[in-house]
Amino acid sequence: MKKIVSVLAISALALGSVFAEISLSFTQRSYLSKKTGDKVVKFDLDGDDELSGAGDCVTFEFSNEAAGIVLDVDPDASKKGGAFAAAIHQYYGWVNMFDGAFSFQGGVWDVTRTNRMKQDEGDWDSAQYEKYKLGVRDGLIARKIANLTAFVLDHQGVGEADADPDLALAATYNNGDLGLFVTAAAIRNKDGYAGNGGNDDCFAGFALEAGFALPDLLNLNLIVKNQAKETFGAGLFAELVAVKDLDVLFGASFGTASKSSAIGHSYSDEINEDEDGYQWIVSSAYNELGFDLRARWQITNRVALTTMNNVSYRKWSEADEGVLGVWDMLSVSAKANDTIRLTATAEWDYADISQNGIGELSLIPGIEISVAEEARFTTGFIANFDGFGSGVDNVGAKSFAIPFIFHVGL
């Protein structure tokens, strides 16, 4: 053990001579949970249960003014027999040139440049604070549109697959005097969704982001993505910062795919046949549209109010009806003192409000205890209710959980 510590100390000293800033952080999320009707209470430490936020995260960052490296690893020591495994969530490096006017970045990164109003999220998992990212909720193209390198690759699982970042190479131009930046990226499309029935004729997608800032007034971000052949998405976000202690974000996103695209061919497994015996799979063009409204109000130096809202519509051209999803979130953060922070979050989630107007309600009170600047513990209560919107008598408890979240950084 002493040898290991010595090696780490020597490594840190060596890296310190090269990098101006070195940081290391560890976060662990675990949940004591029970679903309605279950006879057992589960303790989920590794994310095997439906609480996907459970698990560990270790992040390393080494950087100076000219370059940097980030490695984000999710360890898993839960395997039987003591076997250890780890998944790499993010790994990327960047180089700045000409005093930061140009930069290049490569790897896999899950980062957005649009302000998502997450200042008070703390160490809560996204499912308990920002359940849906900016863009089209459950969309096949514009989901997480503000993340430049995130593509949805599982077109068969509508509403199930996430938009995950993939291996990318990006170049950025920055002009601080004008408040302008432009980033162009090529992103690997490893599943080869390229159109013409999903033929593997293209294994890359392309994305462009441009940002413009007027100090103390407005921040604009425009993102355009060509995910695959005949598949396009875009998002425009405007953040108003003219009022002291109040930030407001408006956003609109859309995605479209042609009938002959891979998404179009994923519409149905139905096969048609003409009188000559020619067969073809029924395909359909696809369109999606989403609107975001977010705001954060710093009421006092200790109390802040945050709201996130999204309305999204998705429809296949061949389908009779589309899907209208609605999600709303309201959260209050209050610092009792420099050590204790109290939070209370409520979420209303309607998968398709156009069908029955019935959704889910989540109530999440919490407490964060900080013993140092980068050492804290978070716990609270997560209560999920279904049948919300169908009348008081029909609302029922779906699940309950107590989170245990530990974070330390150096």
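Residues numbered from 1 in each chain as written. Predicted model: local features only at pLDDT ≥ 70, side-chain atom pairs only at ≥ 80, totals over all residues. Heavy atoms only, no water.

Caption draft 1: Broad picture of the confidence of the model for the chain. Averaged over every residue, the pLDDT of the chain is 83; residues scoring 70 or more account for 78%. This stretch, residues 1-10, has a pLDDT under 50; its non-local contacts, to residues over four places away or in other chains, come to zero contacts. Note on residues 192-199: pLDDT is under 50 here. Beyond four places in sequence and across chains, it has 28 contacts. (pLDDT = per-residue confidence, 0-100. Contact = heavy atoms within 4.5 Å.)

Caption draft 2: Layout of the packing of aromatic side chains. Going through the model one piece at a time under the given rule, you end up with 10 aromatic pairs. Consider the rings of Tyr92 and Trp94, whose centres lie 6.2 Å apart with planes at 35°: the pair is tilted. By relative accessible area, which is 15% here, Tyr92 ends up buried. Pairing Tyr132 with Trp327 gives two aromatic rings, centres 5.7 Å apart and planes at 70°, and the pair type is edge-to-face. Of this pair, Tyr132 sits in the loop between strand S6 (102-108) and strand S7 (150-152) while Trp327 sits in strand S19 (residues 323-335), and the two are 195 residues apart along the sequence. Among the aromatic residues, those joined into a cluster by ring pairs are Tyr92, Trp94 and Trp109. Its end group placed over the ring of Phe181, Arg113 keeps NZ or CZ at 3.6 Å from the ring centre. (Phe/Tyr/Trp six-rings, centres within 6.5 Å; stacked < 30°, edge-to-face > 60°. Buried < 20%, exposed > 50% of the residue type's maximum accessible area, 1.4 Å probe, protein only. Helix = DSSP H or I, 4+ residues; strand = E, 2+ residues; numbered from the N terminus. Lys NZ or Arg CZ within 6 Å of the ring centre and 35° of its normal.)

Caption draft 3: Here's a closer look at unusual backbone geometry. Positive phi, normally seen in glycine, also occurs at Glu230, with a value near 60°. Among the secondary structure elements, Glu230 is positioned in the loop between strand S12 (218-228) and strand S13 (231-240). On the basis of relative accessibility, which here comes to 31%, the residue Glu230 falls in the partly exposed class. Of note in the backbone geometry, Asp245 takes a positive phi value of approximately 70° without being a glycine. Mapped onto the elements of the fold, Asp245 is located in the loop between S13 and strand S14 (246-257). According to the relative accessible area criterion, Asp245 is partly exposed, its value standing at 42%.

Caption draft 4: Geometry of the side chain of Thr345. If you trace the backbone, Thr345 turns up in strand S20 (residues 340-350). The residues touching Thr345, leaving out its near neighbours within four places in the chain, are Gln128, Tyr129, Met329, Leu330, Ser331, Ser362, Leu363 and Ile364.

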